[in-house]
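Summary of structural features
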Amino acid sequence: MSDLKNELLTIRKVFQNEVLSIRTSTEADSLRVKFLGKKGELTAVLRAMGSLTAEERPVIGQLANDIRTEMEDTLAMRLSQVRAMEKAEQLATQTIDVTLPAQPVSMGARHPLYKAIDEICEVFLGLGYVIAEGPEVEYDLYNFEKLRLPKGHPARDTQDTFYITENILLRTQTSPVQVRVMEANKPPIKVVCPGKVYRSDALDSTHSPIFHQIEGLVVDKGVTMGDLVGSLQLFARKLFGENTKIRLRPHHFPFTEPSCEVDLTCWSCGGKGCRVCKGEGWIEVLGAGMVHPEVLAGCGIDPEIYSGFAFGIGVERTAMGRFGIDDIRNLYENDIRFLRQFK
Ligand code: PHE
């Protein structure tokens with residue numbers, strides 16, 4: 001018994017000496033391991049207690065525990081002193097010269113595509129539209145069927161896309177958001193829906209398999225094609241200047257009737273004809289029309305009472321015209337030298 005007791009008292013003495021010589025928190029850690037760790041000296045003594053008699057065990061056990069607590073307290077106290085010393089030392093040696101010029105912070109720039117999206121949405125927000133969004137992975141039902149493009153409809157071929165299953169695909173247009181909005185809301189409805197769309201087109205200077213559209217939808221009593229023209233005229237002028245004109249050409253979309261494609265006077269030559277507009281003087285920027293009565297009815301809106309118009313703006317086209325970009329691929333390559341120009 002006295003052997004173990006002596007051993008404990010010796011450990012305590014050695015510890016008390018060593019703890020005073022600690023100068024850093026790392027040294028404090030090593031000391032903790034040396035005495036109190038799993039393979040530490042105190043632990044070794046506690047292991048040896050099995051050899052004691054039933055009377056001795058509680059006595060030595062108590063002593064060992066007291067010593068352990070004492071060591072822990074001492075060590076904690078020393079550690080806080082050491083930390084304070086380290087802090088003081090740091091403050092004394094590591095001075096900061098607040099008069100030194102700061103490291104330059106390099107500011108990013110908004111991507112031209114998103115700049116265009118912001119500018120376009122801004123025009124329509126000013127007209128009282130709200131922004132709506134929908135999923136990019138969409139049901140065939142919303143992307144096609146409810147827009148009067150049943151399976152096998154020839155117009156589907158112009159928007160061939162990436163199918164996930166037979167009934168789920170990457171949306172080819174933002175028009176499915178129209179359906180989602182009309183199903184969930186009663187008129188009056190006034191929304192713009194910006195987002196990515198996907199078509200299995202090869203990448204060249206004017207096409208990309210992923211691109212962006214902004215859909216617009218207005219449904220209310222007495223909405224006419226004249227309202228559509230007025231809204232689009234404003235969009236054209238705000239983005240490309242007061243002298244910009246729009247032109248509507250008859251077209252076909254299954255979900256609008258009548259339908260049109262809308263051209264803007266060329267942003268490069270103003271309408272005289274140049275390389276950018278291929279001598280036309282006009283550039284096609286969007287599709288539009290009056291929402292087909294069957295589409296309204298399919299979304300639970302009575303076409304006898306309500307009418308509406310819709311349009312889909314090509315964002316890349318708009319951004320390229322707005323910022324004078326001649327190759328669509330510049331928009332996706334993330335070349336910092338290109339992007340820096342839009343600060
Ligand atoms: N969704 C059509 C397209 O991608 C554009 C469009 C939108 C046409 C809304 C009419 C009304 O080509």
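Our structure is the block above this text.
About the cut-offs
Residues numbered from 1 in each chain as written. Predicted model: local features only at pLDDT ≥ 70, side-chain atom pairs only at ≥ 80, totals over all residues. Heavy atoms only, no water. Buried < 20%, exposed > 50% of the residue type's maximum accessible area, 1.4 Å probe, protein only. Helix = DSSP H or I, 4+ residues; strand = E, 2+ residues; numbered from the N terminus. Pairing = 2+ DSSP bridges. Near = heavy atom within 4 Å. Polar contact = N/O pair within 3.5 Å; in protein donor to acceptor, adjacent residues only side chain to side chain. Areas by Shrake-Rupley, 256 points an atom, 1.4 Å probe, with all protein chains shown as cover. Axes fitted to C-alpha atoms, helices over the stretch in contact; angles between N-to-C directions. Parallel < 35°, antiparallel > 145°, perpendicular 65-115°, else oblique. Contact = heavy atoms within 4.5 Å. Nonpolar A, V, L, I, M, F, W, Y, C, P; charged D, E, K, R; others polar. Phe/Tyr/Trp six-rings, centres within 6.5 Å; stacked < 30°, edge-to-face > 60°. Core = buried A, V, L, I, M, F, W, Y, C linked by side-chain atoms within 4.5 Å.

In this section: the pairing of strand E5 (residues 210-220). Burial runs high along E5: 9 of the 11 residues are buried. Of the pairings in the sheet, the one linking strand E4 (residues 189-198) to E5 comprises 10 bridges and is antiparallel in character. Paired with valine 197 across the two strands is phenylalanine 211, which belongs to E5. For E5 and strand E9 (residues 307-314), the ladder comprises 8 bridges, and the chain directions are antiparallel. Across the sheet, residue valine 218 finds its bridge partner in E9, namely phenylalanine 309.

Around the ligand, 15 residues are found, and the nearest of them are Gln173, Ser175, Arg199, Gln213 and Glu215. Side-chain polar atom of arginine 199 to an oxygen atom of the ligand: 2.9 Å apart, as the coordinates give it. The separation between an oxygen atom of the ligand and a polar side-chain atom of glutamine 213 is 2.9 Å. Bound to the protein, the ligand loses 93% of the 330 Å² it would expose on its own. For the shell around the ligand, the secondary structure elements donating two or more residues are helix H7 (175-184), E5, strand E8 (282-291) and E9.

Moving on: the packing of helix H5 (residues 112-126) against helix H10 (residues 315-323). At a closest axis distance of 9 Å, the pairing of H5 and H10 adopts a crossing angle of 100°. As far as their axial angle goes, H10 and H5 are roughly perpendicular. In contact with Pro112, Leu113, Lys115, Ala116, Ile117, Glu119 and Ile120 of H5, H10 contributes Val315, Glu316, Thr318, Ala319, Arg322 and Phe323. Broken down by class, the residue content of the contact of H5 with H10 amounts to 8 nonpolar, 1 polar and 4 charged.

Under the defined criterion, the tally for this structure stands at 10 aromatic pairs. Ring plane angle 25° and centroid distance 6.2 Å describe the contact between phenylalanine 124 and phenylalanine 235, whose orientation is recorded as stacked. Here phenylalanine 124, found in helix H5, pairs with phenylalanine 235, found in helix H8 (residues 225-240); they are 111 residues apart in sequence, far enough to count as distant. Since its relative accessible area comes to 0%, phenylalanine 124 is described here as buried.

The next point concerns the side chain of aspartate 263. Within the element layout of this structure, aspartate 263 appears in strand E7 (residues 256-265). The exposure class of aspartate 263 is buried, given its relative accessible area of 3%. Within polar-contact distance, the side chain of aspartate 263 engages the side chain of arginine 249 at 2.7 Å. Residues in contact with aspartate 263, not counting those within four places in the same chain, are Lys245, Ile246, Arg247, Arg249, Trp282, Ile283 and Glu284.

On to the nonpolar core, then. The biggest cluster of nonpolar side chains holds 42 residues, and the ones touching the most others in it are Phe124, Phe235, Leu286, Phe311 and Ile313. Elements with a contribution of two residues or more to this core: H5, E5, H8, E7, E8, E9, H10 and helix H11 (336-339). Tallying contributions element by element places H5 first for this core, with 7 residues. Setting aside residues no more than four positions away along its own chain, phenylalanine 124 makes contact with Tyr129, Val192, Ser231, Phe235, Phe311 and Ile313. By size, the runner-up hydrophobic cluster in this structure holds 24 residues, among which are Val179, Val191, Val219 and Cys299.

This part takes up the sheet that holds E8. Taken together, the 7 strands give an open sheet; going across it, the order is E1-E4-E5-E9-E8-E7-E6, and neighbouring strands pair in mixed fashion. Single-partner strands in this sheet number two, and they are strand E1 (130-131) and strand E6 (246-253). H5 rests against E1, E4, E5 and E9 of the sheet, and its axis sits at about 5° to E5.

Without other data, these values stay purely geometric and don't point to any function.
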